[in-house]
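# Inside the fold
So the chains spell out like this:
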Amino acid sequence: MNQSDKTSDFKIDVRSDTTSLTLLERLKERDSDAWRRLLSLYGGLVVTWCKRWKLSEHESADVVQEVFGSVAQKITLFRREHPQDSFRAWLWTITRNACMQYFRDQARQPAAAGGSSARMRLEQIEARTDDDPRTQHGDSQLVYAQALDLIKTEFEPSTWQAFLACVTQTRSVADIASELQLSPGAVRQAKYRVLKRLRDEFGDVLPT
């Protein structure tokens, strides 16, 4: 993979006023395409959280269904009234609760069916203090990479390459423009266009 293809090591400020066409608003209006995009955006991260809490692949698949079913029921309750009101943190809480409920259900089963193991894993989740999503930088990078993947096809290859160079490299705009045979203004415009697209659709659900 060359430098221009990297999407896993950058920081983007996507804070802005949102519009009625943001992903969050479409979710609240029960837009089916918006739900598919949310699953693409956060499904992988929910699986990562499940595995972090020692769920198997099969168990994670069951919990993921529970999580997004719960999100569908509660999405109209989510509000970003304060800077700390993160969609990712809200989703993390739902996922953690779903994992704990899964282990509680399993713990009620006979020991031969894994009840004892389930009780131990439940206790481990309850005791953990190191899995706050606000401290997991890699979690944010996973979501940003997915968001970029969802909009990548909307841009010309030259625009996309210029944008990636701006957010993954420390070189000047002039150097990037020279390498890509673009004007510095075109490079700056490429970065602006992609960031605006991220803000317009995902600004209210991406990590901040």
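These remarks concern the structure in this document. Computed from a prediction, not measured in an experiment: that's the story for all the values here. (Residues numbered from 1 in each chain as written. Predicted model: local features only at pLDDT ≥ 70, side-chain atom pairs only at ≥ 80, totals over all residues. Heavy atoms only, no water.)

### Concerning the packing of aromatic side chains
So the rule is basically this: Aromatic contacts are taken between Phe, Tyr and Trp rings whose centres are within 6.5 Å, Trp giving its six-membered ring; a plane angle under 30 degrees counts as stacked, one over 60 as edge-to-face, and the others as tilted.
Inspection of every chain in the model, using the stated rule, returns 8 aromatic pairs. Counting every residue linked through ring pairs, the aromatic cluster contains Tyr42, Phe78, Phe87 and Trp90.

### Quick look at the pattern of salt bridges
If the charged atoms of two oppositely charged side chains come close together, the side chains can form a pair. Cut-off, in case you're wondering: Definition used for salt bridges: Asp or Glu carboxyl oxygen within 4 Å of a side-chain nitrogen of Lys or Arg. A simple rule labels every residue: compare its accessible area, found with a 1.4 Å probe on the protein chains alone, to the largest value its type can have, and call it buried under 20%, exposed over 50%, or partly exposed in between. Each helix is a run of H or I in the DSSP string that is no shorter than four residues. Each strand is a run of E no shorter than two, and both are numbered from the N terminus.
A complete count under the given rule lists 10 salt bridges for this structure. In this structure, arginine 171 engages glutamate 179 in a salt bridge whose closest nitrogen and oxygen atoms are separated by 2.8 Å. In this structure arginine 171 comes out as partly exposed when scored by relative accessible area, which is 33%. Of the charged contacts in the structure, one is a salt bridge between glutamate 201 and arginine 197, with a shortest N-O distance of 2.8 Å. Here glutamate 201 pairs with arginine 197, and both are found in helix α9 (residues 184–202), just 4 residues apart, close to one helical turn. On the basis of relative accessible area, arginine 197 is assigned to the partly exposed category, the value being 22%.

### Details of the packing of helix α3 (residues 57–74) against helix α4 (residues 87–107)
Spelled out, the test is: Lines fitted to the C-alpha atoms define the axes, with helices restricted to the stretch that makes contact. Angles between their N-to-C directions range from 0 to 180 degrees. Oblique is the label for every angle not falling under 35 degrees (roughly parallel), over 145 degrees (roughly antiparallel), or within 65 to 115 degrees (roughly perpendicular). It is the rotation of the near helix from the far one that decides the hand of a crossing: anticlockwise by less than a right angle makes it left-handed, clockwise makes it right-handed. Contacts are assigned to residue pairs that have any heavy atoms within 4.5 Å of one another. Classes in brief: Ala, Val, Leu, Ile, Met, Phe, Trp, Tyr, Cys and Pro nonpolar; Asp, Glu, Lys and Arg charged; the others, Gly included, polar.
In the contact formed by α3 and α4, the axes pass within 9 Å of each other and the chain directions differ by 130 degrees. The orientation of α3 relative to α4 falls into the category oblique. For the element pair α3 and α4, the recorded crossing hand is right-handed. Taking contact as the criterion, the partners of Glu59, Val63, Val67, Ser70, Val71 and Lys74 in α3 are, on α4, Trp90, Leu91, Ile94, Thr95, Ala98, Cys99 and Tyr102. Among the residues forming the contact of α3 with α4, the class breakdown is 9 nonpolar, 2 polar and 2 charged.

### Considering the nonpolar core
Rules: Buried Ala, Val, Leu, Ile, Met, Phe, Trp, Tyr and Cys residues form a nonpolar core when they are joined through side-chain atoms within 4.5 Å.
One finds Leu38, Leu41, Tyr42, Val67 and Phe202 to be the most contacted residues of the largest nonpolar core, which totals 46 residues. Ranked by residues supplied to this core, first place goes to helix α2 (residues 32–52) with 9 residues. Within the second largest apolar cluster, 8 residues are counted, among which are Ala162, Ile176, Leu180 and Val187.

### A closer look at the side chain of threonine 22
Our working rule: Pairs of N or O atoms within 3.5 Å make up the polar contacts considered here, provided that, within protein, one atom can donate a hydrogen while the other can accept it, and that residues adjacent in sequence are counted only when both atoms are side-chain atoms.
Structurally, threonine 22 is set in the segment before α1 (23–28). With a relative accessible area of 0%, threonine 22 lands in the buried category. A polar atom in the side chain of threonine 22 sits 2.7 Å from the side chain of aspartate 204. The residues contacting threonine 22, other than those within four sequence positions of it, are Asp200, Glu201 and Asp204.

### With respect to α3
The test is simple: A helix is expected to reach a length of 1.5 Å times the quantity of its residues less one. The arc in question is formed by the directions pointing from the helix axis toward the C-beta atoms.
Across its 18 residues, α3 extends 25 Å between first and last C-alpha, which sits within 8% of the 26 Å expected from 1.5 Å per residue. When we look at burial in α3, the residues that qualify are Glu59, Ser60, Val63, Val64, Val67, Phe68, Ser70 and Val71. Buried residues of α3, seen end-on, are gathered within an arc of 155 degrees and therefore sit on one face of the element. Exposed and facing more than 90 degrees away from the buried side of α3 are His58, Gln65, Glu66 and Gln73.

### Section: unusual backbone geometry
Positive phi, close to 65 degrees, is recorded for arginine 30, a residue that is not glycine. Residue placement: arginine 30 occurs in the loop between α1 and α2. Residue class for arginine 30 comes out partly exposed when judged on its relative accessible area of 44%. Phi is positive for glutamine 181, which is not a glycine, with a value near 60 degrees. For glutamine 181, a relative accessible area of 74% corresponds to the exposed category.

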